[in-house]
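# Chain and residue survey
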Number of protein chains: 2
Amino acid sequence: MKVILSKDTLVKGLNTVSRAVPVRTTMEILKCVLLEAEEGYLKMVTNDTSLGIETKMAAFVEEAGSVAVDAVMFSSIIRKLPDSDVVIETDAQKKIKISCENARFSIAGRGTEEFIYLPDVDVRSSVTVSQFTVREMINEVIFSTSDSNLNAAMAGVYMEVFEDNMKMTTLDGHRISIRVTKLQENSEKNAAIIPAKTLNDLSKIANGDLDSPMTISFSKNHIQFSYDETRMISRVIDGDYFKIDAMLTHDYNTTVKVNKRELLDCLDRSTLLISESDHKPVIIEISEEQMVLRLRSAIGDMRETIAAEKTGEDLKIAFNPKFLIDALRVISDEEVRIYFVRFNFPCTIKDEEGSYTYVILPVNFTED
Amino acid sequence: MKVILSKDTLVKGLNTVSRAVPVRTTMEILKCVLLEAEEGYLKMVTNDTSLGIETKMAAFVEEAGSVAVDAVMFSSIIRKLPDSDVVIETDAQKKIKISCENARFSIAGRGTEEFIYLPDVDVRSSVTVSQFTVREMINEVIFSTSDSNLNAAMAGVYMEVFEDNMKMTTLDGHRISIRVTKLQENSEKNAAIIPAKTLNDLSKIANGDLDSPMTISFSKNHIQFSYDETRMISRVIDGDYFKIDAMLTHDYNTTVKVNKRELLDCLDRSTLLISESDHKPVIIEISEEQMVLRLRSAIGDMRETIAAEKTGEDLKIAFNPKFLIDALRVISDEEVRIYFVRFNFPCTIKDEEGSYTYVILPVNFTED
């Protein structure tokens, strides 16, 4: 194999594929990136067996061929090369020579026989959406996933496509997060529970904007994301997702409209009085035209008043402020509406268009 | 005590004094910042017993007084307040009320009886130099200090003032770093070994430019840095410093002039082949008009040629690349001169004006 391409291109490719290189594994081959040169391009592939990534980059290929190489070591060398063209060459002993300007490196490569290539995906249906939209939706729901072994589905994001909607739902035992976005056209109905790690990785590497398309393809056991010259294939989480609709209520006794920034900053400050050992909730008292937020802990106490438009009954209710913060942080509206049933029922933060719904469980509290 | 001042001013003050708050200590009072309000200003003081910092900020003082408060907790609250004026008030129970816009915090303060105030410094002589110069000089020598308990002086920077010179020297058993800068006028001869931590802290908080003066005052056991409204007092390290002049040689057999950037980048790349368990040196071969750098380890091998102007004999010598890198990184000259005696003698990187001198010990090597 002998290929020539710019350092810059190589670094971009490595940034993409290194997401599927496991940090710890006893299988040396999983730590490798596969380099495969064919006419006109160099392909890089990594696969940690639950997630695989493949990306192609244009290159001058003097000699086709392939080799596997420790991804971390190869990346660190490439990154430190001068900003210039890089020649990558292998010999019969799978030794890899890397040359760039006056620098010459030579490191050991591995045969590709053991390498686990990406699985063939038997696509049932596909949907196309912008990279920007996918990235935004992921960031808006991913925080309420949970790694606990209690329920595998909690570690995933439930992605549904129906009519002209794409919907992502997460749930972690304290809260539910739902986002819905409109697609440009109707798509075949489909759904999958995707590991949160996969979507987190995807949101880090798919940097495209609103005009950069991504195709999401569903198969029985896998989901595939294709964009630009990159393809990411992940296993999906088996089983049924939670019956979310049954968990949502629509019968509210109190509604408040409040400035999002003010509420968020106030909640943020209240967390200062919380320590690991003293996890006190923030108590919210809603009355005519205001919300009073209070928190008292061993460290000290805080009290803050925020203007709010209230409809319905007065209410006193308490929350873990972190859960409200997580939801408010990813809402871009200047004003938010919060819906309450009673003091020991979850509250719902949602917009009138139904593009977001955040349901948060309250906590018990005692007044001194 | 009751004072009013902007959040911004408070944050700046806390950034400065928090450098002398110990991370771990069994004495609760050392974790505190002392707040002292007198007519027209609020003073903050911290003291970890080897380093003390005091800074004053203009404030509306409604009621003079003082209180001590846990520095980390107080800082974290102040930082999260809205960008507005902050009212800090104490009551008879040493409770501290912090108000800013609609936010009200109340936390426990402490009496100031136990607080260890800054020592009185019996100044022998002083010198004034710009904050920028002090900061630069510190960064240019501090990396070759050593925390080893072998020799207390190695953990310090030897600062000397004589005639119109200020000189800083450090030494860690592998190398010596020396910087000399010209003062605007002659100063009284004086010298002290200053703990590296003190100077590191100083370089982080004294942000002034070339026109911002700093006064450095020497006393028997302390050194004091005064700038703007801040005063930093540190213990000095007892004992005599090393006889550096006896360690320097002036008898060179080989001299090379080389582009600093090229050499630095090449050395930087060579470190990629070094692992914790396999600490191979970089071998440098100097011949007519070039330096060849080579490194071979279990990971792989590299070889690079750099143009160099040589005077004197050819030479093959090996170094820990990190030590050369540390010195080259803080030299701003485009070209550097490196002076060699023989293969097992230290090399010296220095300029002709004598503003910097870096002496680095070579390491043994074997060729395969």
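Bear in mind that the values here come from a model prediction, so they are computed numbers and not experimental data.

A few words now on the overall build of chain A. In terms of helices and strands, chain A carries 7 helices and 23 strands. Along the three orthogonal principal directions, the C-alpha set of chain A runs to about 80 × 50 × 35 Å. In chain A, which comprises 368 residues, the proportion classed as buried is 54%. By sequence separation, contacts in chain A at least 24 residues apart represent 68% of the contacts at least 6 residues apart. If you sum the accessible surface of chain A, you get close to 17,400 Å²; carbon and sulfur atoms cover 45% of it. Treating the 43 positive side-chain charges of chain A as one cloud and the 59 negative ones as another, the clouds have centres 4 Å apart.

Residue and element names in this part refer to chain A. The strand order across the open sheet built from 8 strands is 6-2-3-4-15-14-13-10, with neighbouring strands paired in antiparallel fashion. The sheet is open, and its two borders are formed by strand 6 (65-70) and strand 10 (125-130), each paired with just one other strand. Strand after strand, the sheet turns through a mean of 15° between neighbouring axes, direction not considered. As defined by bridge partners, strand 3 (residues 41-47) adjoins strand 4 (residues 51-58) across 7 bridges and the pair is classed as antiparallel. Following the sheet pairing, Lys43 is matched in strand 4 by Lys56. Of the strands in this sheet, strand 2 (32-38) and strand 6 touch helix 2 (residues 71-80), which is tilted by about 95° from strand 6.

Across the boundary between the two partners, chain B contributes 26 residues, which contact 26 residues of chain A. Where chain B touches chain A, the interface holds 2 salt bridges. One salt bridge connects B:Asp268 with A:Lys80, and the closest N-O pair in it is separated by 3.1 Å. Taken together, chain B and chain A are joined by 10 residue pairs in polar contact (both at pLDDT 80 or more). The set of elements that each furnish at least two residues to the side of chain B that touches chain A consists of helix 2 (71-80), strand 9 (103-108), helix 6 (260-270) and strand 19 (300-312) of chain B. Along the lines of polarity and charge, the residues of the side of chain B that touches chain A split into 12 nonpolar, 6 polar and 8 charged. Both strand 19 (residues 300-312) of chain A and strand 9 of chain B contribute to a ladder of 5 bridges, which runs antiparallel. Bridge pairing in strand 9 of chain B links A:Arg303 to B:Arg104.

Moving on: the confidence of the model for chain A. In the predicted model, chain A carries a mean pLDDT of 94, and 100% of its residues have values of at least 70. Interface confidence for the predicted complex, expressed as ipTM, amounts to 0.79; the pTM equals 0.88.

A word on the sheet that holds strand 6 (residues 65-70) of chain B. Residue and element names in this part refer to chain B. Read from one edge to the other, the open sheet built from 8 strands follows the order 6-2-3-4-15-14-13-10, with strand pairing classed as antiparallel. Unpaired on one side and paired on the other, strand 6 and strand 10 (125-130) mark the two borders of the sheet. Across the sheet, the mean angle separating the axes of adjacent strands is 15° when strand polarity is ignored. Pairing between strand 14 (residues 222-227) and strand 15 (residues 230-235): 6 bridges, direction antiparallel. Looking across to strand 15, one finds that Gln224 is bridged to Ile233. Sitting on the sheet, helix 1 (residues 7-17) touches strand 2 (32-38), strand 3 (41-47), strand 4 (51-58), strand 14 and strand 15, and the angle it makes with strand 4 is about 165°. Against the sheet, helix 2 makes contact with strand 2 and strand 6, and its axis sits at roughly 95° relative to strand 6, the strand it touches most.

All names here are of chain B. Remark: helix 3 (residues 131-141) packs on helix 4 (residues 196-205), axes separated minimally by 9 Å, with the N-to-C direction vectors making an angle of 135°. Here helix 4 runs oblique to helix 3, going by the angle between their axes. Regarding helix 3 and helix 4, the two cross each other, and that crossing is left-handed. Contacts from Val134, Arg135, Ile138 and Asn139 of helix 3 reach helix 4 at Leu199, Asn200, Leu202 and Ser203. A breakdown of the residues in the contact of helix 3 with helix 4 according to their chemical character gives 4 nonpolar, 3 polar and 1 charged.

Along helix 2 of chain B, the residues that are buried comprise B:Ala71, B:Met73, B:Phe74, B:Ser75, B:Ile77 and B:Ile78. Where helix 2 of chain B begins, one side-chain oxygen reaches toward the backbone nitrogen of B:Val72, 3.3 Å away; that side chain belongs to B:Asp70.

Once that is clear, we can look at the pairing of strand 19 of chain A. Residues and elements named next belong to chain A. As judged from the 5 bridges shared by strand 16 (residues 254-259) and strand 19, these two strands associate in the antiparallel manner. Its bridge partner being in strand 19, Thr255 is matched across the sheet by Thr311. The pairing of strand 18 (residues 290-296) with strand 19 spans 7 bridges and is antiparallel. Paired with Leu293 across the two strands is Glu304, which belongs to strand 19. Linkage of strand 18 to strand 19, two consecutive antiparallel strands, is achieved through a turn of 3 residues.

Let's shift gears to the relation of the copies chain B and chain A. Aligned on chain A, chain B shows an RMSD of 0.0 Å; the corresponding rotation is 180° and the shift along the axis is 0.0 Å. In the structure described here, the two chain copies are related by an operation that fits a two-fold rotation axis. When C-alpha distances to the rotation axis are compared across chain B, the minimum falls at B:Val23, with a value of 16 Å. A share of 100% of interface residues in chain B that are also interface residues in chain A marks the association as one of identical surfaces.

Before going further, it helps to examine unusual backbone geometry. With a phi close to 60°, A:Lys94 is a non-glycine residue in the positive phi region. With relative accessibility at 29%, the residue A:Lys94 sits in the partly exposed group. Located in the positive-phi region is B:Glu101, a residue other than glycine, with phi close to 50°. Relative to the assigned elements, B:Glu101 resides in the loop between strand 8 (95-100) and strand 9.

Moving on to the packing of aromatic side chains. Under the defined criterion, the tally for this structure stands at 14 aromatic pairs over all chains. Their ring planes at 45° and their centres at 4.9 Å tell us that A:Tyr252 and A:Tyr339 sit as a pair that is tilted. Residue A:Tyr252 is found in the loop between helix 5 (244-247) and strand 16, and its partner A:Tyr339 is found in strand 21 (residues 335-340); the two are separated by 87 residues along the sequence. Using a relative accessible area of 12% as the deciding quantity, one classes A:Tyr339 as buried. A network of ring pairs unites the aromatic residues A:Phe143, A:Tyr356 and A:Tyr358 as a single cluster. Its guanidinium or amino end placed over the ring of A:Tyr339, A:Lys350 lies 5.1 Å from that ring's centre, counting from NZ or CZ. Over the ring of B:Tyr41 we find B:Lys56; its NZ or CZ atom is 4.6 Å from the centre of that ring.

Turning our eyes to something else, we now look at the side chain of B:Arg294. Residue and element names in this part refer to chain B. Within the secondary structure layout, Arg294 lies in strand 18 (residues 290-296). Residue Arg294 is classed as buried on the basis of its relative accessible area of 18%. Here the side chain of Arg294 touches Glu285 through a polar contact of 2.9 Å, side chain to side chain. Those residues in contact with Arg294 that lie beyond four places of it in its chain are Pro281, Val282, Ile283, Glu285, Met302, Arg303, Lys316 and Glu367.

Residue and element names in this part refer to chain A. Only one face of strand 7 (residues 85-90) is buried: it carries Val86, Ile88 and Thr90, and the other face, with Asp85, Val87 and Glu89, is open. The sheet contact formed by strand 1 (residues 2-6) and strand 7 spans 5 bridges and is antiparallel. Residue pairing across strands places Ser6 opposite Asp85, the latter belonging to strand 7. Bridge analysis of strand 7 against strand 8 (residues 95-100) gives 4 bridges, and the strand direction is antiparallel. Looking at strand 8, one finds that Glu89 is bridged to Lys97.

Calculation notes
- Residues numbered from 1 in each chain as written.
- Chains lettered and ligands numbered in written order.
- Predicted model: local features only at pLDDT ≥ 70, side-chain atom pairs only at ≥ 80, totals over all residues.
- Heavy atoms only, no water.
- Helix = DSSP H or I, 4+ residues; strand = E, 2+ residues; numbered from the N terminus.
- Buried < 20%, exposed > 50% of the residue type's maximum accessible area, 1.4 Å probe, protein only.
- Contact = heavy atoms within 4.5 Å.
- Areas by Shrake-Rupley, 256 points an atom, 1.4 Å probe, with all protein chains shown as cover.
- Lys, Arg positive; Asp, Glu negative; His and termini not counted.
- Charge placed at Lys NZ, Arg CZ, Asp CG, Glu CD.
- Pairing = 2+ DSSP bridges.
- Axes fitted to C-alpha atoms, helices over the stretch in contact; angles between N-to-C directions.
- Salt bridge = Lys/Arg side-chain N within 4 Å of Asp/Glu carboxyl O.
- Polar contact = N/O pair within 3.5 Å; in protein donor to acceptor, adjacent residues only side chain to side chain.
- Nonpolar A, V, L, I, M, F, W, Y, C, P; charged D, E, K, R; others polar.
- pLDDT = per-residue confidence, 0-100.
- Parallel < 35°, antiparallel > 145°, perpendicular 65-115°, else oblique.
- Left-handed = near helix turned anticlockwise from the far one by under 90°.
- Least-squares fit on C-alpha atoms with pLDDT ≥ 70 in both.
- Phe/Tyr/Trp six-rings, centres within 6.5 Å; stacked < 30°, edge-to-face > 60°.
- Lys NZ or Arg CZ within 6 Å of the ring centre and 35° of its normal.

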